[in-house]
Amino acid sequence: MSIEIQNIRKQFGDFVALDDVNLTVNDGELLALLGPSGCGKTTLLRIIAGLERPDGGQVLFGGEDATHRHVAERKVGFVFQHYALFRHMTVFDNVAFGLTVKPRRTRPSPEAIRERVMELLRLVQLEWLADAYPPQLSGGQRQRIALARSLAVEPRVLLLDEPFGALDARVRKDLRRWLRELHDEIHLTSVFVTHDQEEALEVSDRVVVMDHGHIEQVGRPDEIYENPASPFVTQFLGDVNLFHGRVERGLFRVGDFAHPLAGHDDSDQALAYVRPHDLDVSMSAAQALAQGRIEHIHAVGPVVRLELRQDDGSVIDVALSKERYRELGLTPGDTAFVRPKKLSVFNGDASDYVI
Amino acid sequence: MSLLNRSYSVLPGFRLGFGISLAWLGLIVLLPLAMMIVATSRMGWPAFLGTVLDERVLASLRLSFVAAAIAAAINAVFGLLLAWVLVRYRLFGKRFIDAMVDLPFALPTSVAGIALTTLYAPNGLVGQYLAPLGIKVAYTPLGIVVALTFIGLPFVVRTVQPVLQELERELEEAASCLGANRWQTVRRVIFPTVLPALITGTTLAFARATGEYGSVIFIAGNIPLVSEIAPLIIVSKLDQYDQNGATAVAVVMLLISFALLLLINSLQWWSARRNGAQR
């Protein structure tokens, strides 16, 4: 089922949580809402679920207006960050809850419920825990049970609020791969909220980057990563070096340095963002952006990380492949130039966003 | 085999701590109770049974426990409601109401008794409207229930309140998302979570009500066989220098109370176990 969000606004007192947000979630896709805390992503998810009422705008499920439908009628599966399992019920009863609260007319028989619950527990690979109580489970297990519980009622859409936020790194990684596989299996329209860009880029079909109640960019993970639409998105998606300069006749100039730049209008104030692995170290000033003294070399693992200190004291991060590093034969104290292989240029004098 | 079968702990002073608490418990609780039983045992079975099986004593014991149970049940319902309102709703003067809940704790019980009697007497502020309806509160068992309800209220509110405060909103939201209506959410999610605390609070209210004296004697009217409570029998026996008789009644009260508390506690262990509190 597709979800359409039209002109949604939400305010908490003076704080504008969502400012005229429009978004379409396609049928069967796994969409990530990504942004820093306070950007409105959770509020948006809760509005889709019906747990929060928007101040204006509409939510359409499959083309049908659901804005004023009660949560219980929307048939959404919601997975909470802290699982929200019913502690006094066994895992089995937790999963069966959505089926047992149905009105008598539509409630399946106890045998049918039993079968459905066991099927879901098999789906999340935890059928051996049916008689356990939630406090006896690990975090990852609890979240999988919470997911099974939300799927029991055959929801039209699945909404997940920071589903892996409370788990430790290892479990988190396993679980997100597992979620991806599960989604490929059941193809349920799903929206999940996260503040972890790696998670969003790895798991989802499309990513929605949000900031201050606005949608900054929507797109496939590779699109967003390769062509970020704004300085905010660039910074939020990962480590980045910032160069202040100007654009002049197809050249991006920083001080005495110039780098060819196609398809950008002239501008007195421009910002160039370059990811550490998009920088190359060179001994010549041609096409370089800056010059610095190599201060630190971190050569553990497949990627070598360099820190170059510029004359003005700022630091440039560079990530080189091990081969390239050996080829260059760099040592701390050397002076070198950095040349971008790829850069994102934006107009304006916006100083560093604080994330 | 060691009686103090303890596991290793980094905190020092287990022996000392255990010793002091046991000694303290013995001195403050067990010793007086033991003295009571010793005093009673001196009177011999015939005299003991004669005192205890007296019609007036039996009626008073029945009245005490039944009235306390009714009052505790009323408090369970309204205490839960009050705690819910105090936790969940933002209303004007909430702090004031919150502070008022503790009043029955702080007020000398006789003051409460006098106040209630003035209210519910046939010519009192409330009583004058109840009298034409044929409802007599003061000087009847009904009055006793009213006084005991008043005394027990804070116990339920104060034990349930923190549990409700910690009840995650998400639990209710999860239930709603799964299609549960409000009533199903309350019955199947909220109530089972609050139940252990509710049992504790109700037990405390009940225990307090069985032993209550001050507030009851004013409103009860103390009519033998009708509105005379067991603690009053004990006091009146003491007034007549019948110390053995007084302790005999007291011992019976003690035994019944102990049995009831034990029962309620097992009920609570069972309910806590069902809550998945076991590891």
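Quantities reported herein were computed from a predicted structural model and do not represent experimental measurements.

J.: Go over the packing of aromatic side chains with me, naming the residues and quoting the values.
T.: Residue and element names in this part refer to chain A. Under the criterion given, the structure shown has seven aromatic pairs over all chains. With centroids separated by 4.7 Å and ring planes inclined at 45 degrees, the aromatic side chains of Phe78 and Phe80 adopt a geometry described as tilted. A residue is classified by how much of its surface remains accessible, and Phe78, at 4% relative accessible area, is buried. When the ring of Phe257 is compared with that of Phe337, the centres are 5.9 Å apart and the planes differ by 65 degrees; the resulting orientation is edge-to-face. One end of the pair, Phe257, is in strand β13 (residues 257-260); the other, Phe337, is in strand β19 (residues 335-340), and 80 residues separate them in sequence. For the residue pair Phe257 and Phe337, the accessibility class agrees, reading buried in each case. If you follow Arg144 out to its NZ or CZ, it ends over the ring of Trp178, 5.9 Å from the centre. In this structure, Arg149 packs its charged tip against the face of Phe86, placed 4.6 Å from the ring centre.

J.: With reference to specific residues and values, describe the interface of chain A and chain B.
T.: Facing 24 residues of chain A, the contacting portion of chain B comprises 20 residues. Carbon and sulfur atoms supply 60% of the area that chain A and chain B bury against each other, a total of about 2,100 Å² over both sides. Looking at the side of chain A facing chain B, the largest losses of area belong to His88, Phe97 and Val101 of chain A, adding up to 27% of the total buried there. As a salt-bridge pair, Glu173 of chain B and Arg46 of chain A come within 2.6 Å of each other at their nearest N and O atoms. Across the contact surface, chain A and chain B share four residue pairs in polar contact (both at pLDDT 80 or more). Here the side of chain A that touches chain B gets three residues from one element, more than from any other, and that element is helix α3 (residues 91-100) of chain A. Grouping the constituent residues of the side of chain A that touches chain B by class yields 15 nonpolar, six polar and three charged.

J.: Give a description of the sheet that holds strand β1 (residues 3-12) of chain A that names residues and reports values.
T.: Residue and element names in this part refer to chain A. Pairing within the open sheet is antiparallel, and its four strands lie in the order β2-β1-β4-β5. Two strands close off the open sheet at either side, each with one partner strand: β2 (15-25) and β5 (64-65). Pairing between β1 and β2: seven bridges, direction antiparallel. Along β2, the bridge assignment pairs Ile3 with Val25.

J.: Quick rundown of the packing of helix α8 (residues 141-166) of chain B against helix α10 (residues 182-211) of chain B? Include the residues and the values.
T.: Residues and elements named next belong to chain B. Axis separation between α8 and α10 bottoms out at 8 Å; the angle between their running directions is 150 degrees. In terms of orientation, α8 lies roughly antiparallel with respect to α10. As α8 runs across α10, the sense of the crossing is right-handed. Residues Leu148, Ile151, Gly152, Phe155, Val156, Thr159, Val160, Val163 and Leu164 of α8 lie in contact with α10, whose contacting residues are Ile190, Thr193, Val194, Ala197, Leu198, Thr200, Gly201, Thr202, Leu204, Ala205, Arg208 and Ala209. Residue classes in the contact of α8 with α10 are distributed as 14 nonpolar, six polar and one charged.

What counts as what
Residues numbered from 1 in each chain as written. Chains lettered and ligands numbered in written order. Predicted model: local features only at pLDDT ≥ 70, side-chain atom pairs only at ≥ 80, totals over all residues. Heavy atoms only, no water. Phe/Tyr/Trp six-rings, centres within 6.5 Å; stacked < 30°, edge-to-face > 60°. Buried < 20%, exposed > 50% of the residue type's maximum accessible area, 1.4 Å probe, protein only. Helix = DSSP H or I, 4+ residues; strand = E, 2+ residues; numbered from the N terminus. Lys NZ or Arg CZ within 6 Å of the ring centre and 35° of its normal. Contact = heavy atoms within 4.5 Å. Buried area = accessible area lost by both parts, 1.4 Å probe. Salt bridge = Lys/Arg side-chain N within 4 Å of Asp/Glu carboxyl O. Polar contact = N/O pair within 3.5 Å; in protein donor to acceptor, adjacent residues only side chain to side chain. Nonpolar A, V, L, I, M, F, W, Y, C, P; charged D, E, K, R; others polar. Pairing = 2+ DSSP bridges. Axes fitted to C-alpha atoms, helices over the stretch in contact; angles between N-to-C directions. Parallel < 35°, antiparallel > 145°, perpendicular 65-115°, else oblique. Left-handed = near helix turned anticlockwise from the far one by under 90°.

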